[in-house]
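In case you want the letters, here they are:
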Amino acid sequence: MISVQQQLQEFLLTELKNLDRLKFPTLISKETPISLFRLPTIKSITYRCAIAFKLYPDSPFTVAESIFNTLKQPLTTQPDLCLNFTVKLLDQGWLDFTLCDRSLSRWLQSWANFSYAQKNSPLKSTNHDNSWIIQYTYARCCALLRLGEQEGLIKLKNPQFHPYTWSLLTPSPIPFVNLQLNEIERSLISQIITTVDRLGNDSKVKEIKLALKLSDSFLNFERYCRIFGEISRNKPQLSQARLGLVAITHILLQGLWLSQIEQPLCNRL
């Protein structure tokens, strides 16, 4: 899975290389990384860029304005997912890039073609504080997906959930556009994106901490976002979209946990 942050970084690197070199005597290259960080908000998926400060620390706004004028049309990344961003120029010289909601749905749908990267690193100890929370959350994901199949909302590839494999056969694509994108849904989606960003950009990331944060977000989502009953009868596509979020959490938790234990979670349930 290519993280949202990685796609934006690669796109900006390509675009900045194409700008007038006279404006940027410091060569944009792999040695000059595109510095991005997520803003601490769940209302939008927004990354703040500090490249202008690296290129011209004495007058970053001038450089940021030049970049903004080049990129101020809606941005479309290359070509794996074609994510669209809007760009905003701040007075201090920062550039903010916000992922459009339709592109967010497209990114979520791309998980149907995702397989979690298997690791060949030595197996680690299973003795972690609060690891039961991860196991419980994973078990809840499994139970909800199996109930979704029983209710006729989804069809599973295998009810035993093979490791590192996407669990849903249908619907395809998952109707993520039907999500209400309320605060609870956005919170879980935000944590999913943060998890993938960290896995893609931080070689020293601690999977157990990511799994605990994702578990906390998911349990809050399950508590407040109904899937079955009246919702599934009156808004079946909303139920399917929420089950899609369950499936994404499921495969992420499984992959994060498999890096820590000797026996896969799916063989314990």
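Each value, and the rule that gives it
- Residues numbered from 1 in each chain as written.
- Predicted model: local features only at pLDDT ≥ 70, side-chain atom pairs only at ≥ 80, totals over all residues.
- Heavy atoms only, no water.
- Pairing = 2+ DSSP bridges.
- Helix = DSSP H or I, 4+ residues; strand = E, 2+ residues; numbered from the N terminus.
- Salt bridge = Lys/Arg side-chain N within 4 Å of Asp/Glu carboxyl O.
- Buried < 20%, exposed > 50% of the residue type's maximum accessible area, 1.4 Å probe, protein only.
- Phe/Tyr/Trp six-rings, centres within 6.5 Å; stacked < 30°, edge-to-face > 60°.
- Lys NZ or Arg CZ within 6 Å of the ring centre and 35° of its normal.
- Expected span 1.5 Å × (residues − 1).
- Arc of directions from axis to C-beta.
- Axes fitted to C-alpha atoms, helices over the stretch in contact; angles between N-to-C directions.
- Parallel < 35°, antiparallel > 145°, perpendicular 65-115°, else oblique.
- Left-handed = near helix turned anticlockwise from the far one by under 90°.
- Contact = heavy atoms within 4.5 Å.

### Description of the pairing of strand E4 (residues 84-89)
Here E4 pairs with strand E5 (residues 95-99) via five bridges, running antiparallel. Bridging across to E5, leucine 89 finds its partner in leucine 95. Following E4, the chain reverses through five residues before pairing antiparallel with E5; glycine 93 in that reversal takes a positive phi of roughly 110°.

### Let's talk about the pairing of strand E2 (residues 46-49)
By the bridge criterion, three bridges tie strand E1 (residues 36-38) to E2 in an arrangement that is antiparallel. Following the sheet pairing, arginine 38 is matched in E2 by tyrosine 47.

### Focus on the pattern of salt bridges
Applying the stated criterion to the full structure yields four salt bridges. The partner of aspartate 101 in a salt bridge is arginine 186, and the shortest N-O contact between them spans 3.4 Å. Placement of aspartate 101 in helix H4 (residues 101-109) and of arginine 186 in helix H6 (residues 183-201) is noted, with a sequence separation of 85 residues between them. We classify aspartate 101 as partly exposed; its relative accessible area is 39%.

### Thoughts on the packing of aromatic side chains
Throughout the structure, instances matching the rule amount to four aromatic pairs. Residues phenylalanine 37 and tryptophan 94 carry aromatic rings whose centres are separated by 6.0 Å and whose planes lie at 85° to one another, so their mutual orientation is edge-to-face. On the criterion of sequence distance, the pair formed by phenylalanine 37 in strand E1 and tryptophan 94 in the loop between E4 and E5 is long-range, its members being 57 residues apart. Each member of the aromatic cluster is reached from another via a ring pair, and the members are Phe37, Phe53 and Trp94. Over the ring of tyrosine 47 we find arginine 38, and its NZ or CZ is 5.9 Å from the ring centre.

### Thoughts on helix H3 (residues 60-71)
Between its terminal C-alpha atoms H3 stretches 16 Å, which fits the 16 Å expected from twelve residues at 1.5 Å a residue. Among all positions of H3, only Pro60, Val63, Ala64, Ser66, Ile67 and Leu71 are buried. For H3, the buried positions fall inside an angular range of 160° around the axis, keeping them on one side.

### A few points about the packing of H6 against helix H9 (residues 236-258)
Packing of H6 against H9 brings their axes to within 11 Å, and their N-to-C directions diverge by 30°. In this view, H6 runs roughly parallel relative to H9, as classed from their interaxial angle. For the pair H6 and H9, the crossing hand works out as left-handed. Across the interface between the two elements, Glu185, Leu188, Ile189, Ile192, Thr195, Val196 and Leu199 from H6 touch Leu238, Arg242, Leu245, Ile248, Thr249, Leu252 and Leu256 from H9.

### So, the environment of leucine 83
Checked against the element boundaries, leucine 83 lands in the loop between strand E3 (75-76) and E4. Residue leucine 83 is classed as buried on the basis of its relative accessible area, which comes to 0%. As a C-alpha pair, leucine 83 and serine 105 span 22 residues in sequence and 9.8 Å in three-dimensional space.

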